[in-house]
Amino acid sequence: MSNGKLTLDQVRHVSRLARLALDDQTLLRLTGELESILGYVEKINQADVAGVEPMAHALPLHNVFRDDVVTPSLPLERVLQNAAETDGPFFKVPKIIGGDEDSAG
Amino acid sequence: MQDTLIAARDAIRSKQISAVELTRQTLQRIEQCEPRVQAFNQVHADRALEQARAVDEGRRTGPLAGVTIALKDNLCTSFGLTTCSSRMLENFRAPYDATVVKRLDAAGAVFIGKTNLDEFAMGSSTENSAFKTTRNPWDIARVPGGSSGGSAAALAAGMCSASIGSDTGGSIRQPAALCGVVGLKPTYGRVSRYGLVAFASSLDQIGPFGRTVADAALLMNVIAGHDPKDSTSVPLAVPDYLAELEKPVEKLRIGIAREYDSAAGVDPQVLAAVNAAKNKFQELGAELVDVSLPHTEYGIAAYYIIAPCEASSNLARYDGVHFGHRTKEPVKDIVELFSKSRAEAFGPEVQRRIMIGSYALSSGYYDAFYVRALKIRALIRKDFDAAFEKCDVILSPTSPTPAFNAGEKTGDPLQMYLCDVFTVTCNIAGIAGLSLPCGFTSGDKPLPIGLQLLAPAFGEEKLLRIAHMYEFATDWNNRRPDP
């Protein structure tokens, strides 16, 4: 599993995957904490799971279907009421595609 | 026993008290106790009085007409704020009511306020709230448990007739135990999760807190049942949990799991109270049956993989765009906007769990952590299925210790996680579990001790009857704290 010690670089990589812009001091603290927690959860390696099917949740449910009928949606103003920035019926965000020249426009 | 939910309902029905008067008394009690207990994120005084007036004028009716209910602040309400005790949702106004809130509303309940929790329900002490630390009404130096600590403390202190919480790994049962009230985690799928802010979707379940088992049963009558908006809510008929509550269970078999008996770190006073409860059940004619739950020792490890994995996915929605905190700092692109907004507004425990989940789900680790934990989940469920062939419920402590001091475990996340040893497997297996008072510690500030009863999936009716048998034969729920 974690094969020994976690490195600061590994934790920084995970923080990028998790979209958390953390400073080095926080990353260093998390490295120690994660090491201790991951060390504990490695206990699951001691269990014999040969031939066991993974169980994603407790209900014997697969797909739940309903009739394809249109029902009212939330009114637009309520959908937008918590957004930091809007423009008419849109959520407003900074540039998504990097570099001016390769912007698809 | 005038302060139970059922007594309040009856007093309003028989016009011994008006709904407005009950709401006023509740608000007075909040004024008196809240400065020390700190259970509420918001109190909706004017709105509650307006609802109570509607009850008195016959415009608001139903099985809960006029009783005061406190809601955990991770349940979406179209009124007030829904903050999850997080800076991320500090100003969030939910665009709709959770199904549970709708059902309580249709039943005539008066919503008194939204209660504090560990941020996004991640914690066992309510100390992870971004806003305030709720204290235990029995001893304000101590925590109320968590994550539904505000709902448990508000009820214990008499600041509502009953309350609602959510339980992902013990978050209803453990604070119920530490605050001396009854708390029920229903079977996964028994209560709609629509409008419950998601933490770990395969484990989360909404449930009631009551002063008595009957109070919890009455709330279950209102909140349980299928909801087309939550496709994991099961289309099974909802029994009347109150109707046969007083009918004792014949040939009752109480399961005693040897793995729980040998669990380390259980406080001797907790052990003594739980052993006395076993004897009480024997006096009531029950047979104690030895059962085995051999995969119990992997419960916390599996839980602290599955829950953070689901959390890291669920909490990806907080991006500073659609709702929630957005950074004020300049950003060069949208990824930086996400990353700065999330780093600024999620507290340390939430960040920790997102990091654990992101690590365990990342390439190269997925099978070793997540898939393996799901296999252990199947084994834990099998353990329970086999045990329930031999018994009706499984008895254990709810929490290994009574309420601990504020600050005692905040420095060591793993120690906090180990509080959940008796509660997490119930969520992992998706079965039902209840905590009720079974004693008090000695000393000048006696602390409540909780007894946990686990039951098979959709076995709430019998579970409540068994809990009621014990409650009726004891008087632990007659004591009240005076915070």
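The structure presented is a predicted model; accordingly, all values stated were derived computationally and were not measured.

> Help me understand the pairing of strand β3 (residues 110-115) of chain B, please; the structure alone is not making it clear to me.
In summary, the side chains of a regular strand alternate between the two faces of the sheet. All names here are of chain B. Of all 6 residues that make up β3, 6 are buried, and the element is covered over most of its length. Strand direction decides the pairing type here: strand β2 (residues 68-72) and β3, joined by 5 bridges, are parallel. Along β3, the bridge assignment pairs Thr68 with Val110. Between β2 and its parallel partner β3, the chain crosses via helix α4 (residues 99-106), and the hand of that crossover is right-handed.

> I tried to follow the nonpolar core on my own but got confused; where do I start?
Residues and elements named next belong to chain B. With 174 residues, the main nonpolar core has Ile69, Ala302, Ile305, Ile306, Val393 and Leu453 as its most contacted residues. Of the residues forming this core, the biggest block, 10 residues, is contributed by helix α10 (residues 299-314). Setting aside residues up to four positions removed in sequence, Val393 forms contacts with Ile254, Gly255, Leu453, Leu454, Ala455, Leu463 and Ile466.

> Quick question: what am I supposed to make of the interface of chain B and chain A here?
Many descriptions give the size of an interface as the accessible area lost when the pieces come together. Listed as interface residues are 59 residues of chain B and, on the opposing side, 44 residues of chain A. Mapped onto the side of chain B that touches chain A, the elements with two or more residues apiece are α10, α11 (334-345), α12 (348-361), α13 (366-387) and α14 (413-417) of chain B. The greatest single-element share of the side of chain B that touches chain A, amounting to 12 residues, is contributed by α13 of chain B. Taken together, the residues that form the side of chain B that touches chain A break down as 36 nonpolar, 13 polar and 10 charged.

> What should I look at first to understand the sheet that holds strand β9 (residues 393-397) of chain B in this one?
Whenever strands of a sheet pair, they do so through backbone hydrogen bonds, lying parallel or antiparallel. Residues and elements named next belong to chain B. Strand order across the open sheet formed by 11 strands is β1-β3-β2-β4-β6-β5-β10-β11-β9-β7-β8, with mixed pairing between neighbours. Of all the strands in the sheet, the pair left with one neighbour each is β1 (40-43) and β8 (287-291). Between one strand and the next, the sheet's axes are offset by a mean angle of 30°, whatever the strand orientation. Pairing of strand β7 (residues 253-257) with β8, which is carried by 5 bridges, proceeds in the parallel orientation.

Calculation rules
Residues numbered from 1 in each chain as written. Chains lettered and ligands numbered in written order. Predicted model: local features only at pLDDT ≥ 70, side-chain atom pairs only at ≥ 80, totals over all residues. Buried ≥ 20, exposed ≤ 12 C-beta atoms within 10 Å, placed from the backbone. Helix = DSSP H or I, 4+ residues; strand = E, 2+ residues; numbered from the N terminus. Pairing = 2+ DSSP bridges. Right-handed = clockwise from strand over helix to strand, strands pointing away. Core = buried A, V, L, I, M, F, W, Y, C linked by C-beta atoms within 7 Å. Contact = placed C-beta atoms within 7 Å. Nonpolar A, V, L, I, M, F, W, Y, C, P; charged D, E, K, R; others polar. Axes fitted to C-alpha atoms, helices over the stretch in contact; angles between N-to-C directions.

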